[in-house]
Amino acid sequence: MLKILLIAGARPNFMKVAPIYAEMRRREAEFSPMIVHTGQHYDAAMSGAFFEDLKMPRADVHLGVGSASHAVQTAKIMTEFEPVVLREEPDWVLVVGDVNSTIACALVCSKLGIKIAHVEAGLRSRDRTMPEEINRILTDAISDLLLTTSQDADENLLAEGIPQEKIRFVGNVMIDSLREHLELSTSSNIREDLKLTQGEYAVVTLHRPSNVDDKTTLSGIMNSLMEIAKDVPVVFPVHPRTRVKIDEFGVNAGGNPNGSEGVSSAGITMIEPLGYLDFMRLYSGAKLVLTDSGGLQEETTVLGIPCLTLRENTERPITIEMGTNILVGTNPEKIKAAAFAALDDDSKHETKIPPLWDGKAAGRICDELLR
Ligand code: UD1
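Just so we're clear, the structure is a prediction, and the values are computed from it rather than from any experiment. In this convention, every chain numbers its residues from 1, walking through the sequence in written order. Owing to the predicted nature of the model, reporting of local features is limited to residues with pLDDT of at least 70; listing and counting of side-chain atom pairs is limited to 80 or more, with chain, interface and lining totals taken over all residues. Hydrogens and water molecules were not included; the side-chain quantities draw on all heavy atoms of the structure.

The subject of this paragraph is the pairing of strand E5 (residues 115–119). Relative accessible area decides the class of each residue, using a 1.4 Å probe on protein chains only: under 20% of the type maximum gives buried, over 50% gives exposed, and in between gives partly exposed. A run of H or I in DSSP becomes a helix once it reaches four residues, and a run of E becomes a strand once it reaches two; helices and strands are each numbered from the N terminus. Within E5, four of the five residues are buried, which leaves the element mostly enclosed by the surrounding structure. As paired elements, strand E4 (residues 92–96) and E5 share five bridges and run parallel to each other. Within the sheet, the bridge partner assigned to Trp92 lies in E5 and is Lys115. You can see the chain leave E4, run along helix H4 (residues 100–112) and come back into E5, and the turn it takes is right-handed. Pairing between E5 and strand E6 (residues 145–148): three bridges, direction parallel. Within the sheet, the bridge partner assigned to Ala117 lies in E6 and is Leu145. When the strands point away from the viewer and the connection leading from the first strand across the helix to the second strand turns clockwise, the crossover is called right-handed. Traced from E5 through helix H5 (residues 131–142) to E6, the parallel crossover comes out right-handed. We call two strands paired when DSSP finds no fewer than two bridges between them.

Below you can see the structure in the form of structure tokens.
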């Protein structure tokens, strides 16, 4: 029986950990899983709602770290996590994604000689100004098992000198969660509550520091969204980081520079961050998604929904090559042109789903841990 610590720290981790935890619980003769929540995200809307929607039990261990600078947050996770590893003596620690919790827990284990499995290994934006890119490169360098979502990730790892025998292409476990919850998400009333008609609205998410921490960039994006909102309702669940910046900069958020909650002038409806099921119900009915999220590029690809990525690069090129993603950048004119082109395009596109994004990745991850 393998004792596994599963690390869940920030919002995009939870839908990756949930199917792996559930699979390990089903295979109870083979696995003894424990969830460790670092507390990187802590608001009900950023964390608790996801545990409920994903039917995950409360974390077995909660490190309660909270927000801080990168150095302080990473260091706090490490000092809180080290005694947990020493006490629990796991066979493996499994980290997912690219957040500060991922590298912090991996680094602790590498010094203690505890084996590390990294789910979603090998993705590269080649933009080292992105904190996540540093987390990806470093976590991969010290992991024992690199579990990848796409074959370009395998190639990236090989090019960095990581031996082939550590790399396993298992597919995309986040899509396990998507497939499991798509039907369930129809119980959400979010579209009715916001008076939206399927296929006749756009959804926006923004939280990358490069987009929201810079006033000129954020204002430019917001102005382009207001232009788009003249054509189609635009719904924008606002990440806490982005909310702080909108308020701090007094960015024109549809006519109310100081507040954002409930603002709906000029067609932009700004709302609180949504839970997993409500958000799935929202984006799955959209005509168009505009985002700087990594996960949403993949989710829209699987559902065949056009996605405009408001970044200059992506670590998920397969969503462009096979999926519905278009890299638009942050130039307001380019955003508007791409959005209007997508809104005017009523043709049915063939949706290609990347290999092994089939809802069965958690099983393959478990198999690889046993090998
Ligand atoms: C983090 C991840 C990012 C991921 C994103 C998803 C890193 C380096 N970044 O970015 O990769 O895409 O999560 O959301 O790990 N805050 C709250 N409540 C919370 C959490 C955060 O209000 O529950 C606010 C705090 O003011 C905090 C700010 O949001 O300072 C940023 O949070 P942080 O976890 O540092 O980074 P994210 O921008 O969320």
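From this point, the narrative continues.
Here the focus is the site of the ligand. We call a residue near a molecule or strand as soon as one heavy atom of that residue lies within 4 Å of the molecule or strand. Near the ligand lie 18 residues; those nearest to it are Gln40, Asn100, Glu132, His207 and Arg241. In protein, a polar contact requires one atom able to donate a hydrogen and another able to accept it; more generally it is a pair of N or O atoms within 3.5 Å, and residues adjacent in sequence count only if both atoms are side-chain atoms. Contact distances for the ligand include 2.9 Å between a nitrogen atom and a side-chain N or O atom of Asp43. In this structure, an oxygen atom belonging to the ligand sits 2.7 Å away from a side-chain N or O atom of Arg241. Residue exposure ignores everything except the shown protein chains as possible cover, and the areas themselves are Shrake-Rupley values with a 1.4 Å probe. When the ligand sits alone it has 740 Å² of accessible area, and the protein chains cover 85% of it. Going through the elements one at a time, helix H1 (11–26) and helix H11 (240–249) are the ones with two or more residues in the shell around the ligand. Each residue receives one of three labels: charged for Asp, Glu, Lys and Arg, nonpolar for Ala, Val, Leu, Ile, Met, Phe, Trp, Tyr, Cys and Pro, and polar for the others, Gly being one of them. Of the residues in the shell around the ligand, the class split is five nonpolar, seven polar and six charged.

On to the pattern of salt bridges, then. Salt bridges, as used here, are contacts in which a Lys or Arg side-chain nitrogen is within 4 Å of a carboxyl oxygen on Asp or Glu. In the structure shown here, the tally under the stated rule is 26 salt bridges. For Glu315, the salt bridge goes to Arg136, with nearest N and O atoms at 3.4 Å. Within this pair, whereas Glu315 is found in the loop between strand E12 (307–309) and helix H14 (318–321), its partner Arg136 is found in helix H5, the two being separated by 179 residues in sequence. Summarising the burial analysis for this pair, Glu315 and Arg136 share the class buried. Across the salt bridge formed by Asp213 and Arg241, the nearest N and O atoms sit 3.0 Å from each other.

What sets the pattern is the α-helix's 3.6 residues per turn: residues three or four places apart point alike. Most of helix H16 (residues 361–370) is tucked away: seven of the 10 residues are buried. Among all positions of H16, only Ala361, Ala362, Gly363, Ile365, Cys366, Glu368 and Leu369 are buried.

Bringing the sheet that holds strand E8 (residues 202–205) into the picture now. If you walk across this open sheet you meet the six strands as E10-E9-E8-E11-E12-E13, and the pairing is parallel. Pairing within the sheet leaves two strands with one partner each, and these edge strands are strand E10 (268–271) and strand E13 (325–327). With direction set aside, neighbouring strand axes in the sheet form an average angle of 20 degrees. Across three bridges, strand E11 (residues 288–291) lies against E12 in parallel orientation. Residue pairing for E12: Val289 is matched across the bridge by Cys307. Lines fitted to the C-alpha atoms define the axes, with helices restricted to the stretch that makes contact. Angles between their N-to-C directions range from 0 to 180 degrees.

Structural measurements only, silent on function.
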